Amino acid sequence: MAEGGERREYRMAELAREAGITVRTVRFYRERGLIRPPRREGRIAWYDDHHLARLRTIAGLLERGHTLNGIADLAAAFGSGRDVGEVLGLGEPTEETPVRLSPEELADYFEGETTPENLRAALDLGYLATDGDEIVHISRRLLDVSAALVREGVPLAAVLEAARSVRVHADALAGLFATVLRTHTTTPDTEKLRPLAKSVVEAEFSLALDRHLRTDREATPPTDPPEPAAG
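Residues numbered from 1 in each chain as written. Predicted model: local features only at pLDDT ≥ 70, side-chain atom pairs only at ≥ 80, totals over all residues. Heavy atoms only, no water.

Peer 1: Outline the sheet that holds strand β6 (residues 134–137), supporting the account with residue identities and numerical values.
Peer 2: Across the sheet, three strands lie side by side as β4-β6-β5; this open sheet has antiparallel pairing. Edge strands, defined here as strands with exactly one partner in the open sheet, are β4 (99–101) and β5 (128–131). Mean inter-strand twist for the sheet, computed between neighbouring axes without regard to direction, equals 30°. Bridging between β4 and β6 involves three bridges; their strand directions are antiparallel. What sits directly across from R100, in β6, is V136. (Pairing = 2+ DSSP bridges. Helix = DSSP H or I, 4+ residues; strand = E, 2+ residues; numbered from the N terminus. Axes fitted to C-alpha atoms, helices over the stretch in contact; angles between N-to-C directions.)

If you want it as structure tokens, here you go:
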């Protein structure tokens, strides 16, 4: 990026040099649709900082073991997703902190799990959005918890499928509390009532989890002690 925030433009040879690759590779990526077409000025093709960022992203993903076909699928998945304005620009209050990530950083969070299918599921849920060359996750808490579950051996596809079900139940619970507040208060103090509603849900969920875990333990037959060795 040039000084003063102006976008810099490059001829193909200069772009290749800045990205640390050959002109032939740039041309190959362009033909595969991995970078968008350049701006044309007569017979001259001009590339910009977005092209350079995309080339560096491709290099980073290749270093992490992704194939060019896989990278093309990832690019298509993000290309079909909503941009950050649609997901975060609604002006609604939220307690969640968005996180900006490069594609390489996202791949590091979920090593081996950033498949096009999982990315499409996350985009469909609204967990991920795009902002130029960056990826935005809507919630630091959800990102960290999802990554922790994957590290514990839960496939990311299963995490996202569970999240889809949780979304339905959470929406129903939020609707229930919103109805109660509208019915029994004239001007709800959301700063005061929001944490109270969350505490009820957290306590009930904790009790329900206790019941399920207790049922699982009771259903597991005890292990017979080993027989004593013959004298």
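So much for the structure itself; the text now carries on.
Peer 1: If you had to explain the sheet that holds strand β2 (residues 39–41) to someone new, which residues and values would you point to?
Peer 2: Across the sheet, three strands lie side by side as β1-β3-β2; this open sheet has antiparallel pairing. Both edges of this open sheet fall to β1 (9–10) and β2, since each of them pairs with a single strand only. Pairing analysis gives three bridges linking β2 to strand β3 (residues 44–48), with the strands arranged antiparallel. Across the sheet, R40 pairs through a bridge with A45, a residue of β3. On the sheet, helix α3 (residues 49–63) packs against β1 and β3 and is oriented at approximately 65° with respect to β3. (Contact = heavy atoms within 4.5 Å.)

Peer 1: Tell me about the packing of helix α1 (residues 12–19) against helix α2 (residues 23–31), and please be specific about residues and values.
Peer 2: Running from amino to carboxyl end, α1 crosses α2 at an angle of 100°, the nearest separation of the two axes being 8 Å. Judged by the inter-axis angle, α1 sits roughly perpendicular to α2. Facing M12, A13, L15 and A16 of α1, the residues of α2 in contact are V23, V26, R27 and R30. When the residues that make up the contact of α1 with α2 are grouped by side-chain class, the tally is six nonpolar, no polar and two charged. (Parallel < 35°, antiparallel > 145°, perpendicular 65-115°, else oblique. Nonpolar A, V, L, I, M, F, W, Y, C, P; charged D, E, K, R; others polar.)

Peer 1: Just give me the short version of the packing of α1 against α3, but keep the residues and values in it.
Peer 2: Across the interface, α1 lies against α3 with an axial gap of 10 Å and an inter-helix angle of 40°. Considering the angle they form, α1 stands oblique to α3. The crossing of α1 and α3 is right-handed. Residue-level inspection shows L15, E18 and A19 of α1 in contact with α3, the latter providing H51, L52, L55 and R56. Class assignment for the residues of the contact of α1 with α3 results in four nonpolar, one polar and two charged. (Left-handed = near helix turned anticlockwise from the far one by under 90°.)

Peer 1: Help me get a handle on the environment of K198, residues and values and all.
Peer 2: Relative to the elements of secondary structure, K198 occurs in helix α10 (residues 190–219). By relative accessible area, which is 30% here, K198 ends up partly exposed. Once you skip the residues sitting within four places of it in the chain, K198 turns out to touch E95 and R141. (Buried < 20%, exposed > 50% of the residue type's maximum accessible area, 1.4 Å probe, protein only.)

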